[in-house]
Amino acid sequence: VEFVESGGGLVQPGGSLRLSCVASGFTFPYYPMAWYRQAPGKERELVASITYDGSVSDYVDAVKGRFTISRDNDKDTVSLQMTSLKPEDTAVYYCNSPNFGLQNDYWGQGTQVTVSS
């Protein structure tokens, strides 16, 4: 199992970024997927999740209305469109499947998002 995240960067408050994740090593269309983030000195937290078929998504309150998760089961990819970014969104962002649990060994390198003026 492997996850490769990309798309992070430095953005000013109010800006937007689109993160992408390519998954491999498991039957992607059968698994729910999620984006997580970990800020310095904090625990990793789930930010957004999406069902295996993309029909239902859910978000932590802090990002509702600003972030949108989507997936492409033909390309084994999951994306996170982030708008109206705030400094508190600064973190390393990771994708993974909730089915594997937080303690799994499949975490990728993540992609750094920094929101700063």
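Reference entry: report on the structure contained in this document. Just so you know, these numbers come straight off a predicted model, no measurement behind them. (Residues numbered from 1 in each chain as written. Predicted model: local features only at pLDDT ≥ 70, side-chain atom pairs only at ≥ 80, totals over all residues. Heavy atoms only, no water.)

**Focus: the side chain of Arg37**
In this structure, Arg37 sits in strand β4 (residues 33–38). A polar side-chain atom of Arg37 sits 3.0 Å from a polar atom in the side chain of Asp89. Only 3.0 Å separates the side chain of Arg37 from the side chain of Tyr93, close enough to count as a polar contact. (Helix = DSSP H or I, 4+ residues; strand = E, 2+ residues; numbered from the N terminus. Polar contact = N/O pair within 3.5 Å; in protein donor to acceptor, adjacent residues only side chain to side chain.)

**Points about the pattern of salt bridges**
Enumeration over the complete set of coordinates arrives at four salt bridges. Linking Asp89 and Arg37 is a salt bridge whose minimum nitrogen-to-oxygen distance equals 3.0 Å. Of the two residues, Asp89 is situated in the loop between β8 (77–82) and β9 (91–96) and Arg37 in strand β4; the sequence distance between them amounts to 52 residues. Take Asp89: its relative accessible area is 1%, and that puts it in the buried class. When salt bridges with common partners are traced through the structure, they connect Arg37, Glu45, Arg66 and Asp89 into a single cluster. (Salt bridge = Lys/Arg side-chain N within 4 Å of Asp/Glu carboxyl O. Buried < 20%, exposed > 50% of the residue type's maximum accessible area, 1.4 Å probe, protein only.)

**With respect to the packing of aromatic side chains**
A complete count under the given rule lists nine aromatic pairs for this structure. When the centroid spacing of 6.2 Å and the interplanar angle of 50° are considered together, the rings of Phe26 and Phe28 count as tilted. Accessibility expressed as a relative area gives 1% for Phe28, which makes it buried. With a centroid separation of 5.8 Å and an interplanar angle of 80°, the aromatic rings of Tyr94 and Trp107 are classed as edge-to-face. Residue Tyr94 is found in strand β9, and its partner Trp107 is found in the loop between β9 and β10 (111–115); the two are separated by 13 residues along the sequence. There is no split in this pair, since Tyr94 and Trp107 are both buried. Seen from the ring of Tyr94, Arg44 lies directly overhead, with NZ or CZ sitting 4.3 Å from the centre. (Phe/Tyr/Trp six-rings, centres within 6.5 Å; stacked < 30°, edge-to-face > 60°. Lys NZ or Arg CZ within 6 Å of the ring centre and 35° of its normal.)

**A short note on the state of the cysteines**
Overall, the coordinates contain one disulfide when judged by the stated rule. Cys21 shares a disulfide with Cys95; S-S distance 1.7 Å. In this pair, Cys21 is assigned in strand β3 (residues 17–24) and Cys95 in strand β9, connecting sequence segments 74 residues apart. Grouping residues by exposure puts Cys21 and Cys95 together as buried. (Disulfide = S-S within 2.5 Å.)

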